[in-house]
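# Fold and geometry: a report
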Amino acid sequence: MKNKVHCLEVWGDLACFSRPEMKVERYSYPIITPSAARGIFDAIYFKKEYDFYWQIESIELLKPPKYIALRRNEVKDKISASEVQKWMKGTKAITPLWADGTRDELGTDQKGRTQRQTMALKNVRYRIHARIHSRDAKANLNAMNAQFERRASQGKCFYQPYFGCREFPAFFELVQDDSETMPVDIDLDLGWMLYDVFDLSRANDAQAKPAISVFHAQLKSGVMQVPDYESEAVRKTENDNVE
């Protein structure tokens, strides 16, 4: 028997759910992806020791998708976790991460900033339905459901949820009664959509390797049904060749 399904209404000014094939010049899907939706639930309630993940059931589109073009300055490099650990242990001297610099200062013009185009969404609002899927058969699901509802109803989160990029904050409200707001009446065949970037069948830590999965996403009357991760409708790169 499936666990209780929870519902969140989420909204924000900007969002970007990048299509993997357009990662350099980012182009957003017209609706939030299951992995981004799972991230919002994780921000409100997730405990690694409980060994569970959020299974997204469906997503309702409450505002029609509208795109906005953004051009942003981004740094080319990122800090290596192993480097930071060496700095903390004092085994290696701290070196700056350059956000900008000249050839005279750095010896190369391959570091510093670069401008990138982003086709983002603006004024987004969704209703997301999800349930806790435990990998532990002895888990106390009633207690976990109660903890989530208490935190979500009080607006508590471990960190600010976001829509694809951390600079695009997401706001949320627990939906406990039937809402009067109807989804946008729109049908779209979205093709292959990113489902998740990790293998949800097992617990993942900070060193977990990416395991891309996709599914054929379709929006019918403004509602996108999301198959279970274990379903054959979800294609995993380790097992399938997606054409």
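Refer to the structure above for everything that follows.
Since the model is a prediction, treat every value here as computed from it, not as a measurement. (Residues numbered from 1 in each chain as written. Predicted model: local features only at pLDDT ≥ 70, side-chain atom pairs only at ≥ 80, totals over all residues. Heavy atoms only, no water.)

## Details of the overall build of the protein chain
For the protein chain, the helix and strand inventory stands at four helices and 12 strands. By its C-alpha atoms, the protein chain is 65 × 40 × 40 Å across when sized along the principal axes. Here the protein chain holds 243 residues, and 40% of them are scored as buried. Surface exposure of the protein chain reaches about 14,500 Å², of which carbon and sulfur atoms provide 49%. The distance from the centre of the 36 positive side-chain charges to the centre of the 35 negative ones in the protein chain is 5 Å. (Helix = DSSP H or I, 4+ residues; strand = E, 2+ residues; numbered from the N terminus. Buried < 20%, exposed > 50% of the residue type's maximum accessible area, 1.4 Å probe, protein only. Areas by Shrake-Rupley, 256 points an atom, 1.4 Å probe, with all protein chains shown as cover. Lys, Arg positive; Asp, Glu negative; His and termini not counted. Charge placed at Lys NZ, Arg CZ, Asp CG, Glu CD.)

## A word on the nonpolar core
Membership of the largest hydrophobic core comes to 50 residues, with the highest contact counts inside it found for Ile-32, Tyr-126 and Phe-163. With seven residues, the single largest contributor to this core is strand S5 (residues 113-134). Setting aside residues up to four positions removed in sequence, Ile-32 forms contacts with Phe-17, Ala-37, Ile-40, Ile-59, Tyr-126, Ile-128, Phe-163 and Met-224. (Core = buried A, V, L, I, M, F, W, Y, C linked by side-chain atoms within 4.5 Å. Contact = heavy atoms within 4.5 Å.)

## What to know about helix H4 (residues 141-153)
Taking 1.5 Å of rise per residue, 13 residues should cover 18 Å, and H4 covers 18 Å from first to last C-alpha, within 8% of that figure. Inspection of H4 places Met-144, Asn-145, Gln-147, Phe-148, Arg-151 and Ala-152 among the buried residues, and these make up the whole buried set. Along the long axis of H4, the arc covered by the buried residues comes to 160°, so they all point the same way. Those residues of H4 that are buried lie in contact with strand S1 (5-15), helix H1 (34-44), strand S3 (52-61), S5 and strand S8 (171-174). Phi turns positive one or two residues past the end of H4, at Gly-155, with a value near 75°. (Expected span 1.5 Å × (residues − 1). Arc of directions from axis to C-beta.)

## Observations regarding unusual backbone geometry
Unlike most non-glycine residues, Asp-51 shows phi in positive territory, near 55°. Considering the arrangement of structural elements, one finds Asp-51 in the loop between H1 and S3. For Ser-221, which is not a glycine, the phi torsion comes out positive at approximately 55°. Mapped onto the fold, Ser-221 is located in the loop between strand S10 (213-220) and strand S11 (223-225).

## A look at the pairing of S3
On a regular strand, each side chain points to the face opposite its neighbour's, so the side chains alternate between the two faces of the sheet. Taken across its 10 residues, S3 has 10 buried, putting it largely inside the fold. In this structure, S3 lies alongside S5, joined through nine bridges in antiparallel fashion. If you follow Ile-59 over to S5, its bridge partner there is Ile-128. In the sheet, S3 pairs with S11 via three bridges, with the strands oriented antiparallel. Among the inter-strand pairings, Glu-60 is bridged to a residue of S11, identified as Val-223. (Pairing = 2+ DSSP bridges.)

## Topic: the side chain of His-6
The residue His-6 is located in strand S1 in this model. With a relative accessible area of 2%, His-6 lands in the buried category. Residue contacts for His-6: discarding those within four places in its chain leaves Phe-41, Trp-54, Ile-128, His-129, Ala-130, Asn-145, Phe-148 and Glu-149.

## Structural notes on the environment of Arg-71
Relative to the assigned elements, Arg-71 resides in strand S4 (residues 67-75). If sequence neighbours within four positions are ignored, Arg-71 has contacts with Gln-115, Arg-116 and Gln-117. Of note is the side chain of Arg-71, whose polar atom sits 3.3 Å from the side chain of Gln-117. (Polar contact = N/O pair within 3.5 Å; in protein donor to acceptor, adjacent residues only side chain to side chain.)

## Digging into the packing of aromatic side chains
One pass over the structure, following the stated rule, counts 12 aromatic pairs. Relative to Phe-52, the ring of Phe-46 has its centre 5.4 Å away and its plane inclined at 55°; by these criteria the two rings are tilted. Exposure remark for Phe-46: the relative accessible area of 33% places this residue in the partly exposed category. A residue is classified by how much of its surface remains accessible, and Phe-52, at 1% relative accessible area, is buried. Between Tyr-126 and Phe-163, the aromatic rings sit 6.1 Å apart at their centres with planes inclined by 75°, giving edge-to-face as the arrangement. Within this pair, whereas Tyr-126 is found in strand S5, its partner Phe-163 is found in strand S6 (residues 162-163), the two being separated by 37 residues in sequence. The pair Tyr-126 / Phe-163 is uniform in exposure class, with both members buried. Aromatic ring contacts, followed pair by pair, group Phe-41, Tyr-45, Phe-46, Phe-52, Trp-54 and Phe-148 into a single cluster. Stacked on the ring of Tyr-159, the Lys or Arg Arg-166 has its end atom at 5.9 Å from the ring centre. The ring of Tyr-229 carries Lys-236 above its face, with NZ or CZ at 4.6 Å from the centroid. (Phe/Tyr/Trp six-rings, centres within 6.5 Å; stacked < 30°, edge-to-face > 60°. Lys NZ or Arg CZ within 6 Å of the ring centre and 35° of its normal.)

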